[in-house]
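# Summary of structural features
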Amino acid sequence: MSTAMPHQDRSVDAEHSRPAGVDDTTVEALGELSEALETVHRARGHLYSAHQLVGGADLTLDRVVRLLREAGHDDIADRVEHELLGRNVLPGRWTFQIVEEFDDGYYTAFQDIERDARERLADGRRHIYEAEMKQRRRTHGMPGHEATPEA
(Lines give C-alpha, C1' and ligand atoms only; values in the text may rest on other atoms or scores of the structure.)
Protein backbone atom coordinates (compact mmCIF):
# COMPACT_ATOMS: atom_id res chain seq x y z
CA MET A 1 0.00 0.00 0.00
CA SER A 2 1.27 3.42 -0.81
CA THR A 3 1.95 5.53 2.23
CA ALA A 4 1.52 8.60 0.03
CA MET A 5 -2.27 8.22 0.14
CA PRO A 6 -3.72 10.68 2.65
CA HIS A 7 -4.69 8.92 5.89
CA GLN A 8 -8.38 9.89 5.66
CA ASP A 9 -8.62 8.65 2.05
CA ARG A 10 -7.23 5.15 2.63
CA SER A 11 -10.55 3.60 3.63
CA VAL A 12 -14.12 3.69 2.39
CA ASP A 13 -15.42 5.09 5.68
CA ALA A 14 -14.37 6.13 9.19
CA GLU A 15 -15.63 2.90 10.77
CA HIS A 16 -13.09 0.88 8.77
CA SER A 17 -10.22 3.36 8.73
CA ARG A 18 -6.95 2.51 10.37
CA PRO A 19 -6.25 4.31 13.63
CA ALA A 20 -3.31 6.70 13.66
CA GLY A 21 0.01 4.94 14.06
CA VAL A 22 -1.13 1.53 12.76
CA ASP A 23 1.34 0.36 10.12
CA ASP A 24 0.77 -1.63 6.93
CA THR A 25 2.16 -4.88 8.37
CA THR A 26 -0.22 -4.73 11.33
CA VAL A 27 -3.18 -4.07 9.03
CA GLU A 28 -2.11 -7.01 6.86
CA ALA A 29 -1.68 -9.29 9.88
CA LEU A 30 -5.13 -8.37 11.21
CA GLY A 31 -6.58 -8.96 7.73
CA GLU A 32 -5.01 -12.43 7.61
CA LEU A 33 -6.26 -13.22 11.13
CA SER A 34 -9.76 -12.16 10.09
CA GLU A 35 -9.53 -14.33 6.97
CA ALA A 36 -8.44 -17.30 9.07
CA LEU A 37 -11.42 -16.74 11.38
CA GLU A 38 -13.75 -16.60 8.38
CA THR A 39 -12.37 -20.00 7.31
CA VAL A 40 -13.09 -21.37 10.78
CA HIS A 41 -16.65 -19.99 10.51
CA ARG A 42 -17.03 -21.99 7.28
CA ALA A 43 -15.59 -25.10 8.94
CA ARG A 44 -18.09 -24.67 11.77
CA GLY A 45 -20.91 -24.57 9.21
CA HIS A 46 -19.63 -27.80 7.68
CA LEU A 47 -19.50 -29.35 11.13
CA TYR A 48 -23.15 -28.41 11.68
CA SER A 49 -23.97 -29.86 8.25
CA ALA A 50 -22.30 -33.12 9.24
CA HIS A 51 -24.25 -33.05 12.52
CA GLN A 52 -27.55 -32.72 10.66
CA LEU A 53 -26.65 -35.23 7.94
CA VAL A 54 -25.53 -37.91 10.39
CA GLY A 55 -28.61 -37.28 12.53
CA GLY A 56 -30.86 -37.61 9.50
CA ALA A 57 -29.13 -40.81 8.42
CA ASP A 58 -29.61 -42.25 11.90
CA LEU A 59 -33.32 -41.44 11.82
CA THR A 60 -33.59 -43.09 8.38
CA LEU A 61 -32.33 -46.30 9.93
CA ASP A 62 -35.69 -46.70 11.71
CA ARG A 63 -37.32 -47.15 8.31
CA VAL A 64 -34.49 -49.42 7.15
CA VAL A 65 -35.00 -51.71 10.14
CA ARG A 66 -38.76 -51.82 9.57
CA LEU A 67 -38.39 -52.60 5.86
CA LEU A 68 -35.78 -55.30 6.48
CA ARG A 69 -38.10 -56.96 9.02
CA GLU A 70 -41.05 -56.74 6.59
CA ALA A 71 -38.88 -58.42 3.96
CA GLY A 72 -37.95 -61.22 6.37
CA HIS A 73 -34.34 -60.21 6.96
CA ASP A 74 -34.43 -60.11 10.74
CA ASP A 75 -30.73 -60.94 11.11
CA ILE A 76 -29.67 -57.89 9.12
CA ALA A 77 -32.37 -55.73 10.74
CA ASP A 78 -31.06 -56.79 14.15
CA ARG A 79 -27.51 -55.86 13.16
CA VAL A 80 -28.55 -52.42 11.87
CA GLU A 81 -30.70 -51.83 14.96
CA HIS A 82 -28.16 -52.97 17.55
CA GLU A 83 -24.81 -52.06 15.98
CA LEU A 84 -25.56 -48.94 13.95
CA LEU A 85 -28.74 -47.18 15.10
CA GLY A 86 -27.81 -44.64 17.80
CA ARG A 87 -24.10 -45.45 17.56
CA ASN A 88 -21.52 -42.91 18.68
CA VAL A 89 -19.66 -41.32 15.75
CA LEU A 90 -16.59 -40.81 17.95
CA PRO A 91 -15.89 -42.57 21.27
CA GLY A 92 -18.65 -41.49 23.66
CA ARG A 93 -19.94 -38.79 21.37
CA TRP A 94 -22.85 -38.10 19.09
CA THR A 95 -22.41 -35.20 16.70
CA PHE A 96 -24.19 -32.69 18.98
CA GLN A 97 -21.46 -33.30 21.56
CA ILE A 98 -18.73 -32.75 18.97
CA VAL A 99 -20.36 -29.49 17.87
CA GLU A 100 -20.63 -28.31 21.47
CA GLU A 101 -16.99 -29.13 22.24
CA PHE A 102 -15.85 -27.36 19.07
CA ASP A 103 -17.98 -24.29 19.84
CA ASP A 104 -16.91 -24.08 23.49
CA GLY A 105 -13.23 -24.74 22.81
CA TYR A 106 -11.45 -23.97 19.57
CA TYR A 107 -14.13 -21.76 18.02
CA THR A 108 -14.58 -19.56 21.09
CA ALA A 109 -10.82 -19.25 21.62
CA PHE A 110 -10.27 -18.27 17.98
CA GLN A 111 -12.99 -15.59 18.12
CA ASP A 112 -11.67 -14.24 21.43
CA ILE A 113 -8.09 -13.99 20.16
CA GLU A 114 -9.12 -12.30 16.90
CA ARG A 115 -11.27 -9.78 18.81
CA ASP A 116 -8.49 -9.12 21.36
CA ALA A 117 -5.96 -8.50 18.57
CA ARG A 118 -8.32 -6.02 16.86
CA GLU A 119 -9.04 -4.23 20.13
CA ARG A 120 -5.39 -3.97 21.13
CA LEU A 121 -3.96 -3.12 17.72
CA ALA A 122 -6.74 -1.28 15.83
CA ASP A 123 -9.23 0.14 18.33
CA GLY A 124 -11.50 -2.85 17.65
CA ARG A 125 -12.03 -1.92 14.01
CA ARG A 126 -12.86 -4.74 11.63
CA HIS A 127 -11.91 -5.29 8.00
CA ILE A 128 -9.45 -2.40 7.72
CA TYR A 129 -7.41 -4.32 5.14
CA GLU A 130 -10.46 -5.03 2.99
CA ALA A 131 -11.79 -1.47 3.29
CA GLU A 132 -8.46 -0.09 2.13
CA MET A 133 -8.35 -2.60 -0.72
CA LYS A 134 -11.84 -1.56 -1.77
CA GLN A 135 -10.80 2.08 -1.72
CA ARG A 136 -7.77 1.32 -3.93
CA ARG A 137 -9.63 -0.91 -6.39
CA ARG A 138 -12.89 0.95 -6.94
CA THR A 139 -13.31 3.46 -9.75
CA HIS A 140 -14.26 6.69 -8.03
CA GLY A 141 -17.34 8.33 -9.50
CA MET A 142 -18.55 5.26 -11.41
CA PRO A 143 -21.97 3.74 -10.66
CA GLY A 144 -21.57 0.50 -8.73
CA HIS A 145 -18.26 1.67 -7.27
CA GLU A 146 -19.63 3.76 -4.37
CA ALA A 147 -17.65 3.67 -1.15
CA THR A 148 -20.73 2.97 1.00
CA PRO A 149 -24.47 2.44 0.44
CA GLU A 150 -25.08 6.05 1.47
CA ALA A 151 -22.56 7.46 -1.07
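Now for a look at the structure at hand. (Residues numbered from 1 in each chain as written. Predicted model: local features only at pLDDT ≥ 70, side-chain atom pairs only at ≥ 80, totals over all residues. Heavy atoms only, no water.)

### Here we look at the pattern of salt bridges
The condition that has to hold: One speaks of a salt bridge when a side-chain nitrogen belonging to Lys or Arg is within 4 Å of a carboxyl oxygen belonging to Asp or Glu. Think of it this way: any DSSP run of H or I at least four residues long counts as a helix, any run of E at least two long counts as a strand, and we number them from the N terminus. Burial here depends on accessible area, computed with a 1.4 Å probe over protein chains only, as a share of the maximum for the residue type. Under 20% is buried, over 50% is exposed, and the range in between is partly exposed.
Per the counting criterion, the structure on display carries 12 salt bridges. For aspartate 112, the salt bridge is made with arginine 115, and the minimal N-O distance between the two is 3.3 Å. With aspartate 112 and arginine 115 both in helix α3 (residues 95-122) and three residues apart, this pair spans about one turn of that helix. What makes arginine 115 partly exposed here is its relative accessible area of 36%. Here the salt bridges share partners, and the residues they tie into one network are Arg69, Asp74, Asp78 and Glu81.

### As for unusual backbone geometry
Of note, the phi angle at aspartate 123 is positive, near 55 degrees, even though the residue is not glycine. Residue position: aspartate 123 is located in the loop between α3 and α4 (128-137). A relative accessible area of 57% places aspartate 123 in the exposed class. A positive phi angle is found at histidine 127, which is not glycine, with a value near 55 degrees. By secondary structure assignment, the location of histidine 127 is in the loop between α3 and α4.

### Considerations on the packing of helix α1 (residues 24-70) against helix α2 (residues 74-84)
Here is the rule: Fitting a line to C-alpha atoms yields each axis, with helices limited to the stretch in contact; the angle taken between N-to-C directions then spans 0 to 180 degrees. Working rule for angles: under 35 degrees goes down as roughly parallel, over 145 as roughly antiparallel, 65 to 115 as roughly perpendicular, anything else as oblique. Less than a right angle of anticlockwise turn of the near helix away from the far helix marks a crossing as left-handed, whereas a clockwise turn marks it as right-handed. By definition, residues are in contact when any of their heavy atoms lie within 4.5 Å.
α2 packs onto α1 with a crossing angle of 160 degrees between their chain directions and a minimal axis gap of 8 Å. Considering their axes alone, α1 and α2 lie roughly antiparallel with respect to each other. In the packing of α1 onto α2, the handedness of the crossing is left-handed. Between α1 and α2, the contacting residues are Asp58, Leu61, Val64, Val65, Leu68 and Arg69 on the first element and Asp74, Ile76, Ala77, Asp78, Val80, Glu81 and Leu84 on the second.

### Concerning the environment of glutamate 101
Of note, glutamate 101 is situated in helix α3. Since its relative accessible area comes to 45%, glutamate 101 is described here as partly exposed.

### Brief notes about the packing of aromatic side chains
For clarity, the threshold we go by: Put simply, two rings from Phe, Tyr or Trp (the six-membered ring, in Trp's case) pair if the centres are within 6.5 Å, and we call them stacked under 30 degrees between planes, edge-to-face over 60, tilted for the rest.
For the structure on display, the rule yields four aromatic pairs. Aromatic pair phenylalanine 102 and tyrosine 106: ring centres 6.0 Å apart, planes at 40 degrees, arrangement tilted. Remark: tyrosine 106 and phenylalanine 102 occur in helix α3; sequence separation between them is four residues, near one turn of the helix. With centroids separated by 5.7 Å and ring planes inclined at 70 degrees, the aromatic side chains of tyrosine 106 and phenylalanine 110 adopt a geometry described as edge-to-face. A residue pair is termed a helical-turn pair when its members lie 3 or 4 positions apart in one helix, as tyrosine 106 and phenylalanine 110 do in helix α3 at four residues. Site record: aromatic cluster; members linked through ring pairs are Phe102, Tyr106, Tyr107 and Phe110.

### Describing the side chain of serine 34
Its location among the elements puts serine 34 in helix α1. For serine 34, a relative accessible area of 9% gives the class buried. The residues contacting serine 34, other than those within four sequence positions of it, are Glu114, His127 and Glu130.

### Quick look at the packing of α1 against α4
Rules: Charged residues are taken to be Asp, Glu, Lys and Arg, nonpolar residues to be Ala, Val, Leu, Ile, Met, Phe, Trp, Tyr, Cys and Pro, and polar residues to be all remaining types, Gly included.
Closest axis-to-axis distance for the α1/α4 pair is 7 Å, and the angle between their directions is 110 degrees. Between α1 and α4, the interaxial angle falls into the category roughly perpendicular. Residues Val27, Glu28, Gly31, Ser34 and Glu38 of α1 form the contact with α4, whose participating residues are Ile128, Tyr129, Glu130 and Glu132. A breakdown of the residues in the contact of α1 with α4 according to their chemical character gives three nonpolar, two polar and four charged.

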